[in-house]
Amino acid sequence: MTESFIQKMIAERIGGSQFGKDTVLYKFEKIKRAKRAAQKKNPDMNLIDLGVGEPDWMAEPEVIETLYKAAKCKENRGYTDNGLLDFKEAAADYMNNVYHVKGLNPVLEVNHGIGSKPILALLPLAFINPGDITIMTVPGYPVMGTTTQAIGGEVVNLPLLAENNFLPDLDSLTAEQCKRAKLLYINYPNNPTGAVANKEFFAKVIDFAKKHNIIVVSDAAYAALTFDGEVPLSFLSMDGAKDVGVEIHSLSKAYNMTGWRLAFICGNELVVKAFAAVKDNNDSGQFAAIQKAGVYCLKHPEITEKTSLKYSRRHNLLVAALQSLGFSVKKPKASFYLYVKVPKGIKGGRSFASAEDFSEYLIVEKMLSTVPWDDAGAYVRFSVTFEAGGEAEEQEIIANVKQRLADVHFVF
């Protein structure tokens, strides 16, 4: 059978003529397959999923009720294009009330997105020309870099290392890289490391951006999920931040609305305007009823505070269990992720060549699912968003995790 002409027409950015023929499996597909194999091998044991990166709770009943009422209104049926003013005003107030970001203009300096992922994917379309650079961090969320490369730009990855508190070393960039760079992506609290940024780091980022004329994109999807005295911190709360950049906030993690797809970008007026111009040619806006539910959320940050208490409690349990097994790990100050260095191997048994190798072992042999990262050292990401009906069940699940690993003598 002759090869379809369509195969030859597929864009090179997704594989070109080799699209669909590649036998290399992506990380998350490998995890899915390992899960299926583990469940087949251990039909009588439940798989504990500590890898999932989305909340286990539903949105609050009041939020769902707001959606329901708004969905019944005829005036909410149409396109919203670049968003409802009510939502933008609520976002500006939220930034003031929670992060002390004063004076955001809801008309000119705020816009909504159908989740933070599309915002990150669209931003390079407004700024990157062939040969321009987007500075990213690894391990991390790659979306903005993926689009950059797809349109002919380049990506420079800065590793997040424990010795630097998982903050990027901006001084490691060359003069040529700084000259060609247009966008700098930062994400704090960080996925997957759980690290938080401080004011000193943000001040350095602002100075760096001003010196080299680079736009800062601060992905703050986990910014409000703090605990143990850590105060939510916005990049935009720093002097001069709005001169050089924007920040993206998501309702997915902070308000348990992952599938609802709602976020906003705020900050520098021209960056927001450029994003809006690109967005207007890519989508017709999120459903008005969802935006109205988002307004309710942004007016009730106590919802996030309640969620943060749950994640803090679960982190306490998981960190204690892993420490008792010999892992060198500390509780993060924010997010629902725990970033754990992989052991070298098992005493008298196998060694682990990579995080992927260790993660596969946990799934297949112990029915524990995690996400491996080998970008800057070998680490696995645990998430405390596992399904649990309350505190007693949380304790039971973590006790089960500890029990499954108790007979293994890890070598670190």
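As a reminder, the structure under discussion sits directly above these lines.
Residues numbered from 1 in each chain as written. Predicted model: local features only at pLDDT ≥ 70, side-chain atom pairs only at ≥ 80, totals over all residues. Heavy atoms only, no water.

Q: Any chance you could explain the packing of helix α3 (residues 85–99) against helix α11 (residues 288–298) here in plain terms?
A: For any two helices packed against each other, the geometry is given by the interaxial angle and the distance between the axes. Following both chains from N to C, one finds α3 and α11 inclined at 20°, their axes separated by 9 Å at the closest point. The angle between the axes of α3 and α11 places the two elements in the roughly parallel class. Remark: the crossing between α3 and α11 carries left-handed chirality. Between α3 and α11, the residues in contact are D86, F87, A90, A91 and Y94 and Q291, K292, G294, V295 and L298, respectively. Among the residues forming the contact of α3 with α11, the class breakdown is six nonpolar, two polar and two charged. (Axes fitted to C-alpha atoms, helices over the stretch in contact; angles between N-to-C directions. Helix = DSSP H or I, 4+ residues; strand = E, 2+ residues; numbered from the N terminus. Parallel < 35°, antiparallel > 145°, perpendicular 65-115°, else oblique. Left-handed = near helix turned anticlockwise from the far one by under 90°. Contact = heavy atoms within 4.5 Å. Nonpolar A, V, L, I, M, F, W, Y, C, P; charged D, E, K, R; others polar.)

Q: Explain the pattern of salt bridges here, please?
A: A side chain with one charge can pair with a side chain of the opposite charge if their charged atoms come near. The tally for this structure, following the rule as stated, stands at 18 salt bridges. For D86, the salt bridge is made with K292, and the minimal N-O distance between the two is 3.9 Å. Taken as a pair, D86 in helix α3 and K292 in helix α11 lie far apart in primary sequence, 206 residues in all. With a relative accessible area of 41%, D86 lands in the partly exposed category. Note on K292: relative accessible area 27%, which makes it partly exposed. Across the salt bridge formed by D407 and K366, the nearest N and O atoms sit 3.2 Å from each other. Note that D407 is positioned in the loop between α14 (391–405) and β14 (410–411) and K366 in helix α13 (residues 355–366), a separation of 41 residues in sequence. Using a relative accessible area of 12% as the deciding quantity, one classes K366 as buried. (Salt bridge = Lys/Arg side-chain N within 4 Å of Asp/Glu carboxyl O. Buried < 20%, exposed > 50% of the residue type's maximum accessible area, 1.4 Å probe, protein only.)

Q: Explanation requested: the packing of aromatic side chains in the structure shown.
A: The description of two aromatic rings rests on the distance between their centres and on the angle between their planes. This model, assessed by the stated rule, comprises 21 aromatic pairs. Judged by centre distance (6.2 Å) and plane angle (75°), the rings of F87 and F264 are edge-to-face. Of the two residues, F87 sits in helix α3 while F264 sits in strand β8 (residues 263–267), which places them 177 residues apart along the sequence. Where F202 meets F235, the ring centres are 5.6 Å apart and the plane angle is 75°; that geometry is what we call edge-to-face. Pair noted here: F202 is in helix α7 (residues 199–212) and F235 is in the loop between β6 (215–219) and α8 (241–244), with a separation of 33 residues, a long-range link. By relative accessible area, F202 is classed as buried at 3%. Ring-pair connections join several aromatic residues into one group, and the members of that group are F327, F352, F358, Y361, F410 and F412. Above the face of the W57 ring, K310 is positioned so that its terminal group lies 3.8 Å from the ring centre. Taking NZ or CZ as reference, R314 lies 4.5 Å from the ring centre of F386, over its face. (Phe/Tyr/Trp six-rings, centres within 6.5 Å; stacked < 30°, edge-to-face > 60°. Lys NZ or Arg CZ within 6 Å of the ring centre and 35° of its normal.)

Q: I keep staring at the sheet that holds strand β5 (residues 181–187) and nothing clicks. Help me out?
A: By definition, the strands of a sheet pair up through backbone hydrogen bonds, in either a parallel or an antiparallel sense. With respect to topology, seven strands assemble into an open sheet ordered β2-β8-β7-β6-β5-β3-β4, the strand pairing being mixed. Of all the strands in the sheet, just β2 (110–113) and β4 (154–159) have a single pairing partner and so form its edges. Within this sheet the neighbouring strands show an average axis-to-axis angle of 20°, counted without direction. Sheet topology places strand β3 (residues 133–138) next to β5; three bridges connect them, and they run parallel. Of the residues in β5, the one forming a bridge with I135 is L184. Sheet strands in contact with α7 are β3, β5 and β6, and its direction is about 170° off that of β5. (Pairing = 2+ DSSP bridges.)

Q: I would appreciate a short explanation of helix α10 (residues 269–279) in the present structure.
A: For the α-helix, the turn length of 3.6 residues means that residues three or four positions removed from each other point alike. When α10 is considered as a whole, its buried residues turn out to be V271, V272, A274, F275, A276, V278 and K279. Those residues of α10 that are buried are in contact with β2, α4 (116–127), β6, β7 (245–250) and β8. The residue sitting at the N-terminus of α10 and contributing the capping side-chain oxygen is N268; that oxygen lies 3.0 Å from the backbone nitrogen of L270. (Polar contact = N/O pair within 3.5 Å; in protein donor to acceptor, adjacent residues only side chain to side chain.)

Q: Mind showing me how you'd approach the sheet that holds strand β13 (residues 379–383) here?
A: A sheet is described by the order of its strands in space; here three strands give the open sequence β9-β13-β12, paired in antiparallel fashion. Taken across any chain shown, the strands that pair with only one partner, and hence form the sheet edges, are β9 (337–341) and β12 (371–373). Between one strand axis and the next, the sheet turns through 30° on average, direction left out of account. The sheet contact formed by β9 and β13 spans five bridges and is antiparallel. In the sheet register, L338 faces β13, and the bridge partner there is F382. With respect to the sheet, α13 is in contact with β12 and β13, its orientation differing from that of β12 by roughly 165°.

Geometry only, nothing functional implied.
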